Structure formats: structure tokens, C-alpha cells
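# Architecture at a glance
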Amino acid sequence: MNPPNTHAINWFEIPTVDLDRAITFYETLLATTITREQCSDIHMGIFPYQPEQGVGGALIAMPEIEPSTQGAILYLNAGHSLSTTLARLDETIGRIVWPATELPDNMGFFAHILDSEGNRIGLHAMNA
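Here's what I pulled together on the structure shown here.

Here we come to the nonpolar core. It is characteristic of soluble globular proteins that their nonpolar side chains tend to be buried jointly. Of all hydrophobic cores here, the largest spans 25 residues; its most connected members are Ile14, Tyr26, Leu59, Leu76 and Leu123. Elements supplying a minimum of two residues to this core: strand 1 (11-15), helix 1 (19-30), strand 4 (56-61), strand 5 (74-77), helix 2 (82-88), strand 7 (109-114) and strand 8 (120-125). Take this core: its biggest share by element is seven residues, from helix 1. Leave out the neighbours within four places in its chain, and Ile14 touches Tyr26, Phe47, Ala58, Leu59, Ile60, Leu74, Leu76, Asp115, Asn119 and Ile121.

Encoded structure:
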């Protein structure tokens, strides 16, 4: 039996208008592969994760949920270097809406972007 998840977040979903476009956007931005899944009438693109380590998430296409720049901001792991990930943004239709900023107390660096669907998404890395 797996130990209980102690992360503050255990799953996230990013709303999409066009799931194919969003999958291409995030695969390019994060240099990763997103897996397509379907659960009932919900179409998803699952980010790579290991359930036993806790946190996972997906792009989701549902008529009841719309992309937004308002509300909670989700931070995705930008890998080793925030600037490397932000440079890949040029290969997409996304854009930076809050530039790379250093956090206090060696907590790393963050930036906000608008994704292909119009969501405000945070990116975080320990290195600039």
C-alpha cells in the first residue's frame, strides 16, 4: 500500500478549447510527451507523472470548463532552467505576461505565461 500523499496538490487540470493545440503547446514548451486519455465524455492530455510520487495533472476538454486568466494560478515545473523553458515559448503561440523573477530565500525563479488556450500559467525552476 502506498503512503498517503502529503503534497498540497495531488492533481490539477488545465482547461482547453482545442485539446490538440494545447497538447502541442505544452509538449513544445516543456519538451515532454503528453498522453491522450478519455474518461467518459472527458478528453484529456495527461502530463508525465508517477502516481506513487503524488502530483499529477492533465489538460482537459469539457464544455463546462473554460480557460481563464482569472483565479488560481498553477505553477508547472520548468525543469533545470527557467530561461531555457521560456526560450521554447518562442516556438509556440504563448507569451510571457510576468517576466522571470527571482524569489527570496533561494526559492528559485518564476514567470507567468499565457498558454495556447488563454490560461495564465506559472512556471517555476530553481535556476534562472
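Our next topic: the layout of surface pockets. If you add up the space inside the largest pocket, you get close to 450 Å³. Around the largest pocket, the lining comprises 16 residues; the ones closest to its centre are Phe12, Val55, Tyr75, Leu76 and Asn77. When residues of the lining of the largest pocket are assigned to their parent elements, the largest contribution, four residues, is made by strand 5. Here the residues of the lining of the largest pocket sort into eleven nonpolar, five polar and no charged. Here the second largest pocket is characterised by a volume of approximately 230 Å³.

In this section: the sheet that holds strand 7. Backbone hydrogen bonds hold the strands of a sheet together, and the pairing may be parallel or antiparallel. The mixed open sheet is built from four strands, whose spatial order is 5-8-7-6. At either margin of the open sheet sits one strand with a lone partner, and together these are strand 5 and strand 6 (95-102). Between one strand axis and the next, the sheet turns through 25 degrees on average, direction left out of account.

Another point: the pattern of salt bridges. Across all of its chains, the model carries two salt bridges by this definition. For the salt bridge of Arg36 with Asp20, the shortest nitrogen-to-oxygen distance reads 2.6 Å. Of this pair, Arg36 sits in strand 2 (residues 35-39) while Asp20 sits in helix 1; the two residues are 16 residues apart in sequence, bridging distant segments of the chain. On the accessibility criterion, Arg36 (47% relative accessible area) is partly exposed.

Attention now goes to the environment of Trp98. With respect to the helices and strands, the residue Trp98 is situated in strand 6. When the C-alpha atoms of Trp98 and Thr33 are compared, they prove to be 26 Å apart, with 65 residues separating the residues in sequence. Ignoring anything within four residues of it in the chain, the contact list for Trp98 reads Phe110, Ala111 and His112. Of the polar contacts made by the side chain of Trp98, one reaches the side chain of Thr101; its length is 3.0 Å.

Parameters at a glance
For every chain, the first residue of the written sequence is number 1, and numbering continues from 1 onward in sequence order. Reporting in this predicted model follows two pLDDT cut-offs: at least 70 for local features of residues, and 80 or more for side-chain atom pairs to be given and counted; totals over whole chains, interfaces and linings ignore these cut-offs and use all residues. Only hydrogens and water are set aside when side-chain values are computed; all heavy atoms of the structure are taken into account. Throughout, nonpolar core names a set of buried Ala, Val, Leu, Ile, Met, Phe, Trp, Tyr and Cys residues whose side chains join them through atoms within 4.5 Å. Categorising residues by exposure relies on relative accessible area from a 1.4 Å probe, with only protein chains included: less than 20% of the type maximum marks a residue as buried, more than 50% marks it as exposed, and the intermediate range marks it as partly exposed. Put simply, DSSP marks the helices as runs of H or I at least four residues long and the strands as runs of E at least two long, and each gets a number from the N terminus on. Should any heavy atoms of two residues lie within 4.5 Å, those residues are counted as being in contact. Put simply, the grid is 1 Å and covers the protein atoms alone, a cavity is a trapped set of points that fit a 1.4 Å probe, a pocket is an open set with protein on both sides within 12 Å along at least five of seven lines, and lining residues have an atom within 4 Å of a point. Grid points are joined across faces, edges and corners, and a volume is the space filled by probe spheres set on the points. Three classes are used: nonpolar for Ala, Val, Leu, Ile, Met, Phe, Trp, Tyr, Cys and Pro, charged for Asp, Glu, Lys and Arg, and polar for all others, with Gly counted as polar. Following DSSP output, two strands are said to pair if at least two bridges run between them. Every axis in this analysis is a line fitted to C-alpha atoms, fitted for helices over the stretch in contact. Angles between the N-to-C directions lie between 0 and 180 degrees. Put simply, a salt bridge is a Lys or Arg side-chain nitrogen that is within 4 Å of an Asp or Glu carboxyl oxygen. Each polar contact in these results corresponds to two N or O atoms within 3.5 Å; when the atoms are within protein, one needs to be able to donate a hydrogen and the other to accept it, and residues that are neighboring in sequence are counted only if both atoms are side-chain atoms.

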